[in-house]
Amino acid sequence: MRYLFVLALVSSLWPVSSQASYARGDGKPVEVVTISTEKGQAKILANSFGQALYVFDPDGTGTPKCAADCAEKWPPLLVTADEAKRLEAPLGVVARANGLLQVFYKGRPLYTFYLDRKVGDILGDGLGGVWHVVIVAERRFR
């Protein structure tokens, strides 16, 4: 079950090449939502397709460092300048080296992972010790 977190964008963006060119989707709004993971231990951020959103430790809260080959496997969540104006805190944008605008959460640029195929997949979590899903709520057990 998905829970609405923030209505963030007005049109769908989906990666289609390693050159960071993006094709419009079906015109439906993209939302940043929370979902449960397959393990069910936490609520994490995801795009409206249910793909988990990740942060990359080397980015910190600065300019995104995942580009070229890295961005093929970790497509950034991109928006147009008009879409960026509609984002509400804690979401915002940071300019990538190529000038495209990438969505961030609390200053951390957001990415998807190319092997995550269904809602709740978090196959990229912990890879290389530097990729992490964005946990927004943890389940507490008594």
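Reading guide: rules and limits
Residues numbered from 1 in each chain as written. Predicted model: local features only at pLDDT ≥ 70, side-chain atom pairs only at ≥ 80, totals over all residues. Heavy atoms only, no water. Patch = residues over 30% accessible without salt bridge, like charges linked within 9 Å, V, L, I, M, F, W, Y side chains within 5 Å. Areas by Shrake-Rupley, 256 points an atom, 1.4 Å probe, with all protein chains shown as cover. Salt bridge = Lys/Arg side-chain N within 4 Å of Asp/Glu carboxyl O. Helix = DSSP H or I, 4+ residues; strand = E, 2+ residues; numbered from the N terminus. Pairing = 2+ DSSP bridges. Disulfide = S-S within 2.5 Å. Buried < 20%, exposed > 50% of the residue type's maximum accessible area, 1.4 Å probe, protein only. Lys, Arg positive; Asp, Glu negative; His and termini not counted. Polar contact = N/O pair within 3.5 Å; in protein donor to acceptor, adjacent residues only side chain to side chain. Contact = heavy atoms within 4.5 Å.

Caption draft 1: Summary view of a nonpolar patch on the surface. A cluster of nonpolar side chains, Y114, L115 and L123, forms an exposed patch at the surface whose accessible area comes to about 260 Å². When you line up the elements, L123 lands in the loop between β10 (108–109) and β11 (131–133).

Caption draft 2: Region of the structure containing the pairing of strand β9 (residues 101–105). Pairing of strand β7 (residues 78–79) with β9 involves 2 bridges; the strand directions are antiparallel. Considered in β9, the bridge of L78 is made with Q102. Direction of pairing for strand β8 (residues 91–95) relative to β9: antiparallel, over a ladder of 5 bridges. Paired with V93 across the two strands is V103, which belongs to β9. As consecutive antiparallel partners, β8 and β9 are separated by 5 residues, and within that stretch G99 has a phi angle of approximately 90 degrees, a positive value. Bridge count between β9 and β10: 2 bridges; the pairing is antiparallel. Its bridge partner lying in β10, F104 is registered against P109.

Caption draft 3: Main features of the state of the cysteines. Within this structure, the stated rule accounts for 1 disulfide. Put simply, C66 and C70 are joined by a disulfide, and their sulfur atoms are 2.0 Å apart. On the sign convention where negative means left-handed, the S-S torsion of about -110 degrees between C66 and C70 marks this disulfide as left-handed. Given the relative accessible area of 23%, C70 is considered partly exposed.

Caption draft 4: How the structure looks around the side chain of D59. Looking at the secondary structure, you find D59 in the loop between β6 (54–56) and α1 (69–73). No salt bridge is formed by the buried D59. Its closest oppositely charged neighbour is K65, at 5.3 Å. A distance of 2.6 Å separates the side chain of D59 from the backbone nitrogen of K65, its partner in a polar contact. Discounting residues that sit within four places of it in the chain, D59 has contacts with P64, K65, C66, P109 and Y111.

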